[in-house]
Amino acid sequence: MVHSSTRPARTPATADIPGQSTATQPQLPLRLSTDIQGDVLAGFKKDHVQLILAKFKDRRRARIWLRRLHERIATTRDVAAFNADFSRARRYAAGEDPADLTAVWRGVAFTYAGLTELLGGAPFTDIPAGSTQEAFAQGPARRKEIVGDIDDSDPEHWLFGAEHQHPVHLVLTLAADRHADLQAALEEERAWMAAQHVAVVFEQEGNTLKEDLRGTEHFGFKDGISQPGVRDFDEEDPERPDYHRTKPGTRLITPGEFVVGMPPDHRWPAGLPGWMANGSFQVVRRLAQDVPGWWEQIEHNLDVLKEHDAVPEDTTKEWLAARLIGRWPSGAPVAKCPDTDVPTPPCADSDNDVSFADDLEGRLTPLFSHLRKTNPRDGLKPRRDGGPIVEEKGMLDGRRLIRRSIPYGRPYDPQGTPAQRADAPRGLVFICYQSDLVAQYEFVQASWVEAENFPERRDPVGRDPLIGRDTDVSFPSRAGETAVCPLRFERFVRTEGALYAFTPSLTALRRLAEGEVPIGGDPPSDQVVRGGTALRRFEVISSHKARFRLEGNNYTIRDENEQQLWVSDNTNPAVAGGTFTEDGDLVLNGPTGEAIWSLGTGGHPGAVLVVGTDGDVSVRTEDGDTLWHSDTAH
C-alpha cells in the first residue's frame, strides 16, 4: 500500500486505518487512539527529522497558528497503522526499506513558559517540591546539578534552553522518510509560523546515518534497541506473560508510565490538571559526541588493562568498547556473545532478550556499562551486603523511558570533507517520553547514570562512562573472581542544549487553540489513597494545603509553603519504602518488606488514607469513621 508522502490536513478522528486488522482492536485499544500524539507510543521512526524551537510573540496569533497545526498533527492511529505496513513490507524485502511507503509526520510540545504564554497564566499552581510539576516549571537548565550538566556541559555553553538565551515556548517536530518531503514541509511550517508571529529560536536537524552506519550512533553502535513495550499497544506473548509477543525480552509496561492520566505502575501519579490527560512529558537534549577522542580513550585504557594483565594480550578495542556499552557494534549483547560480535539477522528483534540474573556482580557485562546503568533488568542487587534482587515489575518498570533519538551531523572521517572532520558538529538528538520527569528521566540520570557507586559495591562501580561525567570505574579483571582494575574515563559526550516540554493530546491542543484550558489547573480536591498502595521515597501526594511524603526514614506532612506540620516517630534507619496496607495501616518497610514502623490503624479492610484540602491527613474506615488524623488543618 502506498501512503501519501505528506499527510493531508484532516480531522484525525476520520482517518482511515490501512493495514489495521479489526480482530486486534479490542485487545490493543491504544493502537486506535486518535487523541495521543503519534510519536509517543507508536514512534515516527523516520530517516529525516527536524525540530523547530520557537517562541510566541502574540497570544491571539499563537492560538490561530495552533488551530491550523492541530489538524495536521499525527495521531497514534495514523502512525501505528503506517509503521505496521512498513514493518510488514520490510520483512518481505529481507530487511530492505520499502521505497513506495513514505509519509511526513508532525508533532508538537510546549515548555512551561510556552504554556504560560499561551494560556496567559500558569498551567498549574500546586507545585510541590520534588514533583514533576516543579521539574517542568524549572526546566533542565535550572536543574543542571541533578542531571550532571556541569563543567563543559553547563548551560552557559548551550545552543538553546539556557536562561540567558531566547526562551523556547514550543518544539515542533517534523519527520519524513524522504529529505525532499521534509524540506517542503519545513518551508510550509516556517511560512505559517512567520505569518502568525511565531519566531524560530533554533532548528535542530537529525538524520539516520547512511550505509554501514545505518541504525547506529556516531560511535558506531546500533541504537534504539532497548525500548519498552506498552501494554494495550503491543501484543503480549501468551507463552511469556508481561513480554512482547514478537520482540523477545521486551517487557510490556503499563501505559500510565508514558501517558498522563492513566494509572502508573506502583506509583502515585503526579497531581496534574485533567486537561493534560493523554499527553506526555518530552525531554529533548542535544548531545555532542567527540568520536576520535572517545576511541583514543578506549585504546589508552585497553593498554592499561593489558599492562595489569587484566585482559588477554589479543583483546581488541571493540571488545573493550562493547563492555562499556553492554553491546557489540551490531547490537548483539555481551551477555549472550561474550567473545565476539555475532549480528542477528535483519528483522530478528532478539537483541533485547538480555538477562543479567547470572551476572549479578557484572563480571561479564560490567555494572557500570551503559546497558545496565540505564536498565538493570533482572540483575539488580543494589547492596554489597546482599539483600533481595529488585523485581522488574513495579520498581524497575516504573523507571523506563520511550526513546526517539536520532543522530545529527556527518560521520567522522579524518580524510573526508570538512563536515566529516573531528571538530565538525555531530552527536545525538536525544528525545524521550514519560509521564513523570522526576521519577523517570531524572531518576535514571541522577540515581543510576551519574551515581558513582550504583549499585553499591566494595570497589565503587563508577558512573556510566558513555554518557556520564568524568569517572573512575572498577573494571572486572581476569586475575580473580573479585579482582578489578581501576580505569579513568573522561567525558566525551557533552550536553549542548536541553528542554523539558509537554506533548498534549489532540483534544488538549484544540482546547489550547480555543482558549478553553483554565489557568492554574484544577480546583483542589481530597486525595484518597486506597489500601495496598506502595509509597516510594519523595513521591508526593498533594491537596495544595497538605503535601504527604516519605522523606528519609519518616513520613512527613508539609503545607503549601513546604513548612513541616507533622512527622512520624520512626527511629529505625533501615527504611526501604512504605505502604498503606489493605487493612488500613500506614507502614514503613525494611529492605525485605518487613514492617519496621506502623501508625497502628490496621485491622480495617477497606480503609483509606485521605490527604485533605483543609491541610489535614486522616485514615478513615470504609464507613467514613476517622481512625486517626494529623491535626494539621489550617
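Here the structure is a predicted model, which means the values were calculated and not measured. (Residues numbered from 1 in each chain as written. Predicted model: local features only at pLDDT ≥ 70, side-chain atom pairs only at ≥ 80, totals over all residues. Heavy atoms only, no water.)

1. Some words on the sheet that holds strand β20 (residues 554–558)
Hydrogen bonds between backbone atoms are what pair the strands of a sheet, whose relative direction is either parallel or antiparallel.
Right, on to step 1. Pairing is antiparallel in the open sheet, where four strands are placed in the order β18-β19-β20-β21. Two strands bound the open sheet, and with one partner strand each, they are β18 (540–542) and β21 (564–567). Neighbour-to-neighbour, the strand axes of the sheet open up by a mean angle of 20°, direction not taken into account.
Right, on to step 2. One ladder, built from three bridges, connects β18 with strand β19 (residues 547–551); its direction is antiparallel. Each residue of the ladder has a partner; that of Val-540, found in β19, is Arg-549. (Pairing = 2+ DSSP bridges. Helix = DSSP H or I, 4+ residues; strand = E, 2+ residues; numbered from the N terminus. Axes fitted to C-alpha atoms, helices over the stretch in contact; angles between N-to-C directions.)

2. Details of the confidence of the model for the chain
Right, on to step 1. Mean pLDDT over the chain stands at 93; residues scoring 70 or higher make up 96%.
Right, on to step 2. Residue range residues 1–26 is modelled with pLDDT below 50. Its contacts to residues more than four positions away, or to other chains, number 57 contacts. (pLDDT = per-residue confidence, 0-100. Contact = heavy atoms within 4.5 Å.)

3. A word on the pattern of salt bridges
Right, on to step 1. Scanning all chains against the criterion turns up 47 salt bridges.
Right, on to step 2. Between Arg-67 and Glu-514 there is a salt bridge whose closest N-O contact spans 2.9 Å. Linking Arg-67 in helix α2 (residues 59–70) with Glu-514 in the loop between α13 (506–513) and β16 (527–529), this pair joins segments that are 447 residues apart in sequence.
Right, on to step 3. Classification of Arg-67 by relative accessible area gives partly exposed; the value is 37%.
Right, on to step 4. Of the residues examined, Glu-514 reaches a relative accessible area of 39% and is grouped as partly exposed.
Right, on to step 5. With a closest N to O distance of 2.8 Å, Arg-88 and Asp-85 form a salt bridge. In this pair, Arg-88 and Asp-85 both sit in helix α3 (residues 76–92), three residues apart, roughly one turn of the helix.
Right, on to step 6. For Arg-88, a relative accessible area of 30% gives the class partly exposed.
Right, on to step 7. When salt bridges that share partners are traced, they join Asp-126, Arg-547, Arg-549, Glu-551, Arg-558 and Glu-562 into one network. (Salt bridge = Lys/Arg side-chain N within 4 Å of Asp/Glu carboxyl O. Buried < 20%, exposed > 50% of the residue type's maximum accessible area, 1.4 Å probe, protein only.)

4. Let's talk about the packing of aromatic side chains
Right, on to step 1. Following the criterion strictly, the structure yields 24 aromatic pairs and no others.
Right, on to step 2. Where Phe-160 meets Phe-202, the ring centres are 5.1 Å apart and the plane angle is 40°; that geometry is what we call tilted. One end of the pair, Phe-160, is in the loop between α6 (144–147) and β3 (170–176); the other, Phe-202, is in strand β4 (residues 198–207), with 42 residues separating them in the sequence.
Right, on to step 3. Among the residues examined, Phe-160 registers a relative accessible area of 3% and is labelled buried.
Right, on to step 4. Here Phe-219 and Trp-294 contribute two aromatic rings whose centre-to-centre distance is 4.3 Å and whose plane-to-plane angle is 15°, an arrangement assigned as stacked. Residue Phe-219 is located in the loop between β4 and β5 (229–230), and its partner Trp-294 is located in helix α8 (residues 291–307); the two are separated by 75 residues in the primary sequence. (Phe/Tyr/Trp six-rings, centres within 6.5 Å; stacked < 30°, edge-to-face > 60°.)

5. Looking at the sheet that holds β16
Right, on to step 1. The four strands are arranged β16-β25-β26-β27 in an open sheet whose pairing can be described as antiparallel. Edge positions in the sheet fall to β16 and β27 (626–629), since each has one partner strand and no second. On average, each strand axis in the sheet is inclined to that of its neighbour by 20°, with strand direction left out of account.
Right, on to step 2. Sheet topology note: the strand β26 (residues 617–620)/β27 ladder contains three bridges and is antiparallel. Counterpart to Ser-618 in the pairing with β27 is His-629.

6. Overview of the pairing of β19
Right, on to step 1. Taken across its five residues, β19 has five buried, putting it largely inside the fold.
Right, on to step 2. On β19, burial covers both faces: Arg-547, Arg-549 and Glu-551 on one face and Phe-548 and Leu-550 on the other are all buried.
Right, on to step 3. Linking β18 back to β19 in an antiparallel pair, the connection comprises four residues, with His-544 at a positive phi of about 75°.
Right, on to step 4. By the bridge criterion, five bridges tie β19 to β20 in an arrangement that is antiparallel. Each bridged residue has a counterpart across the sheet, and for Glu-551 the counterpart in β20 is Asn-554.

7. With respect to the side chain of Glu-539
Right, on to step 1. Here Glu-539 shows up in the loop between β17 (533–535) and β18.
Right, on to step 2. The buried charged residue Glu-539 lacks any salt bridge partner; its closest oppositely charged side chain belongs to Arg-536, at an N-O distance of 4.2 Å. (Lys, Arg positive; Asp, Glu negative; His and termini not counted.)

8. Side note on the packing of α2 against helix α4 (residues 112–119)
Right, on to step 1. The contact between α2 and α4 brings their axes to 8 Å, and the two run at 105°. By the angle class used here, α2 and α4 are roughly perpendicular. For the pair α2 and α4, the contacting residues are Arg-59, Ala-62, Arg-63 and Leu-66 in the first and Glu-117, Leu-118 and Leu-119 in the second.
Right, on to step 2. Taken together, the residues of the contact of α2 with α4 break down into four nonpolar, no polar and three charged. (Parallel < 35°, antiparallel > 145°, perpendicular 65-115°, else oblique. Nonpolar A, V, L, I, M, F, W, Y, C, P; charged D, E, K, R; others polar.)

9. Topic: the nonpolar core
Right, on to step 1. Membership of the largest hydrophobic core comes to 80 residues, with the highest contact counts inside it found for Trp-65, Phe-110, Leu-170 and Trp-294.
Right, on to step 2. If you tally residues by element for this core, the top one is α8, at seven residues.
Right, on to step 3. Grouped together as the second largest cluster of nonpolar side chains are 38 residues, Leu-51, Val-79, Phe-86 and Ile-253 included. (Core = buried A, V, L, I, M, F, W, Y, C linked by side-chain atoms within 4.5 Å.)

10. Notes on the environment of Asp-623
Right, on to step 1. Turning to its location among the elements, Asp-623 is positioned in the loop between β26 and β27.
Right, on to step 2. Asp-623 sits 211 residues away from Tyr-412 along the chain, and the two C-alpha atoms are 69 Å apart.

11. Here we look at empty space enclosed by the protein
Right, on to step 1. In this structure the tally under the stated criterion is four cavities of 30 Å³ or more.
Right, on to step 2. Volume-wise, the largest cavity comes out at about 740 Å³.
Right, on to step 3. Of all the secondary-structure elements, those providing two or more residues to the lining of the largest cavity are β9 (280–289), α10 (370–374), β12 (427–434), α12 (438–449) and β15 (493–503).
Right, on to step 4. Of the residues forming the lining of the largest cavity, the biggest block, four residues, is contributed by α12.
Right, on to step 5. Residues of the lining of the largest cavity, tallied by class, amount to 16 nonpolar, nine polar and nine charged. (1 Å grid on protein atoms, 1.4 Å probe; cavity = no way out; pocket = protein on both sides within 12 Å on 5 of 7 lines; lining within 4 Å. Points joined across faces, edges and corners; volume = space filled by probe spheres on them.)

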